[in-house]
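Architecture at a glance
Residue-level listing of the chains:
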Amino acid sequence: PGAQEAFAAMVREAVRRGPRGAHHDVALMAALWGFPPEEIAGEVALWHGQQDVNATPAMAHYLAGAIPKARATLYPMEGHLSVFANHREEILGALTP
């Protein structure tokens, strides 16, 4: 409850002084990494919603296959923000000892 309102308030605050920061974030997300994902040596946990229209499932499948030590959890009925909203305990449990 209240998650949509909190997210909307966060977005409004993020662009309150103009769109420059959001523009920079998008530019960084679309930029080349400077190295291929195949060179990532550490373990990587990836959680992704298969209904995500912001970061496509094809991207998640590509990274899961390209990163050597990737552990991917793909949720068929989740979208961009619902993965964390609906699976936060599982995700945070995997990230904490």
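The structure we're discussing is the one just above.
Sequence order sets the numbering: in each chain, residues are counted from 1 along the sequence as written. Local features in this predicted model are restricted to residues of pLDDT 70 or higher, and side-chain atom pairs are both shown and tallied only at a pLDDT of 80 or more, whereas totals for entire chains, interfaces and linings draw on every residue. Remark: hydrogens and water are excluded; side-chain values derive from all non-hydrogen atoms of the structure.

1. Some thoughts on the side chain of Asp 52
What counts is decided by this rule: The numbering of helices and of strands both runs from the N terminus, where a helix is a DSSP run of H or I of at least 4 residues and a strand a run of E of at least 2. The classification of residues rests on relative accessible area computed with a 1.4 Å probe and restricted to protein chains. Under 20% of the type maximum is buried, over 50% is exposed, and intermediate values are partly exposed. Here Asp and Glu are counted as negative and Lys and Arg as positive; His is not counted, and neither are the chain ends. What counts as a salt bridge is simple: a side-chain nitrogen of Lys or Arg found within 4 Å of a carboxyl oxygen of Asp or Glu. Counted as a polar contact is a pair of N or O atoms within 3.5 Å, where, for protein atoms, one must be capable of donating a hydrogen and the other of accepting one, and residues adjacent in sequence contribute only when both atoms are in side chains. Contact between two residues is taken to exist if any of their heavy atoms lie within 4.5 Å; hydrogens are not considered.
Counting through the fold element by element, Asp 52 comes out in the loop between strand 1 (44-49) and helix 3 (57-66). Of the side chains with opposite charge, Arg 88 lies nearest to the buried Asp 52, which makes no salt bridge, at 16 Å. At 2.7 Å, the side chain of Asp 52 forms a polar contact with the backbone nitrogen of Asn 54. Side-chain polar atoms of Asp 52 contact the backbone nitrogen of Ala 55, separated by 2.9 Å. Among residues more than four places away in sequence, those in contact with Asp 52 are Pro 57, Glu 78, Gly 79 and His 80.

2. Here's the deal with the pairing of strand 2 (residues 70-75)
Just so we agree on the cut-off: One bridge is not enough; two strands pair if DSSP finds at least two bridges between them. Looking down the strands as they point away from you, a crossover is right-handed if its path from the first strand over the helix to the second goes clockwise.
Looking at chain direction, strand 1 and strand 2 are connected through six bridges and run parallel. Following the sheet pairing, Ala 45 is matched in strand 2 by Arg 71. With helix 3 bridging strand 1 and the parallel strand 2, this β-α-β connection has right-handed handedness.

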